[in-house]
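Each chain, letter by letter, is given below.
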Amino acid sequence: RRWWTDPRLAFNATAEGGCFDAVELPGSAANGIWRPDLYIDNLHEAELVGASLVHIWPNGTVWYSEKLVASVKVPFSFSALPFDRHTIPVRVASYSQPSSNLRFVARGGDVGATESGVGLKLLSAANNQWNFRRMQTGEEGLWSPGRVETRDGWDYLTLELLVERQPKYYIDQVVYPAICFCCMSYSQFFVDPAFAPARATLAFIPMLIMRTMLTGVYADFPRSSSYMWLSDFLKCVNFLVLASAAQFAVVQFFRMVEKQREAHLEGLKKVKGAVEKIQKKSSREGKTLFEYIGNFMAHTPAGSRS
């Protein structure tokens with residue numbers, strides 16, 4: 001909706017001898033009157049929807065209403081996701097009229113004031129993803145003031161909306177599950193190392209799940225190399241889970257070394273037992289150990305030695 005005053009359209013009201021107090025025209029019949037050639041400086045695309053309406057008062061004030069569905073280009077930073085805040089500006093200016101001919105103000109604002117009037121208005125603040133900040137409450141709902149700045153002799157009216165993400169979804173669906181899977185991976189420390197399959201499941205399944213969660217988070221946002229709190233958190237948890245899996249691998253390696261040493265020790269024990277038996281026999285026969293072994297080797301066939 002736009003308001004402006006054009007003295008050329010002034011007429012006498014009924015109290016001044018005129019025939020009517022206002023003129024209402026459909027938008028299609030208003031092509032003969034002058035209208036400010038406005039444009040949105042950060043516009044991405046726009047589409048006019050439905051009809052339009054023009055209302056003219058006796059003092060030449062014109063009210064022009066039309067429905068415009070527009071999307072604007074806004075630089076978003078997701079570094080604090082899911083605790084991020086974003087300012088969404090809509091910058092409006094005149095294409096051909098400098099500030100010497102046309103001044104901009106938000107509705108009800110003061111000419112020359114930096115911030116005044118009603119800029120953006122919301123009928124309802126109900127939203128399950130975003131919270132609206134710095135909004136004032138009025139009879140018509142929530143609204144924020146407009147801000148006017150003059151650059152190189154041209155007025156720019158900025159209508160801003162500050163939004164803050166509601167983090168509950170990401171906390172419930174990403175943060176808490178990541179912590180739970182990390183604790184699950186470390187629960188393998190309390191499992192007997194002899195049960196390797198159970199420990200392997202607790203060590204490696206959480207690592208795969210964490211990788212899937214990290215991929216899912218990046219799938220919802222544009223590709224970027226910038227840092228993001230949520231992805232950094234998942235990377236840290238993923239590192240802890242990887243450390244748990246590495247601990248499992250180290251434990252299994254040393255268990256393998258330990259089994260090899262146990263087998264070697266069992267072999268040495270058997271050799272010790274055999275040597276002790278031979279030593280006892282040699283003592284009973286009154287021979288030295290080497291004499292007994294030499295006599296045994298001389299009189300025993302090679303195929304029957306054990």
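The structure under discussion appears in the preceding block.
Residues numbered from 1 in each chain as written. Predicted model: local features only at pLDDT ≥ 70, side-chain atom pairs only at ≥ 80, totals over all residues. Heavy atoms only, no water.

Asker: So what's going on with helix α1 (residues 168–186)? Residues and values would help.
Answerer: Owing to its 3.6 residues per turn, the α-helix brings residues three or four apart onto one side. Between the first and last C-alpha of α1 there are 26 Å, a value that for 19 residues agrees with the 27 Å anticipated at 1.5 Å per step. Taken as a whole, α1 has its buried residues at Tyr-170, Ile-171, Val-174, Val-175, Ala-178, Cys-182 and Ser-185. Among the structural elements, β11 (154–165), α2 (196–219) and α3 (229–284) are those in contact with the buried residues of α1. (Helix = DSSP H or I, 4+ residues; strand = E, 2+ residues; numbered from the N terminus. Expected span 1.5 Å × (residues − 1). Buried < 20%, exposed > 50% of the residue type's maximum accessible area, 1.4 Å probe, protein only. Contact = heavy atoms within 4.5 Å.)

Asker: Give me the packing of α1 against α2: which residues, what numbers.
Answerer: Where α1 meets α2, the closest approach of the two axes is 8 Å, and the angle between their N-to-C directions is 160°. With respect to each other, α1 and α2 are oriented roughly antiparallel. Crossing of α1 over α2 shows left-handed handedness. Only Leu-202, Pro-206, Ile-209, Met-210, Met-213 and Val-217 of α2 make contact with α1, whose side of the interface consists of Gln-173, Val-174, Pro-177, Ala-178, Phe-181, Met-184 and Ser-185. Its residues placed into classes, the contact of α1 with α2 shows 11 nonpolar, 2 polar and no charged. (Axes fitted to C-alpha atoms, helices over the stretch in contact; angles between N-to-C directions. Parallel < 35°, antiparallel > 145°, perpendicular 65-115°, else oblique. Left-handed = near helix turned anticlockwise from the far one by under 90°. Nonpolar A, V, L, I, M, F, W, Y, C, P; charged D, E, K, R; others polar.)

Asker: Describe in detail the sheet that holds strand β2 (residues 23–26), supporting the description with residues and values.
Answerer: What holds strands together in a sheet is hydrogen bonding between their backbones, with the strands either parallel or antiparallel. Strand order in this open sheet of 4 strands is β1-β5-β4-β2, and the pairing throughout is antiparallel. Taken across any chain shown, the strands that pair with only one partner, and hence form the sheet edges, are β1 (2–5) and β2. Each strand axis lies, on average, 30° off the axis of its neighbour in the sheet, ignoring direction. With 4 bridges joining them, β1 and strand β5 (residues 61–72) adopt antiparallel strand pairing. Looking at β5, one finds that Arg-2 is bridged to Tyr-64. (Pairing = 2+ DSSP bridges.)

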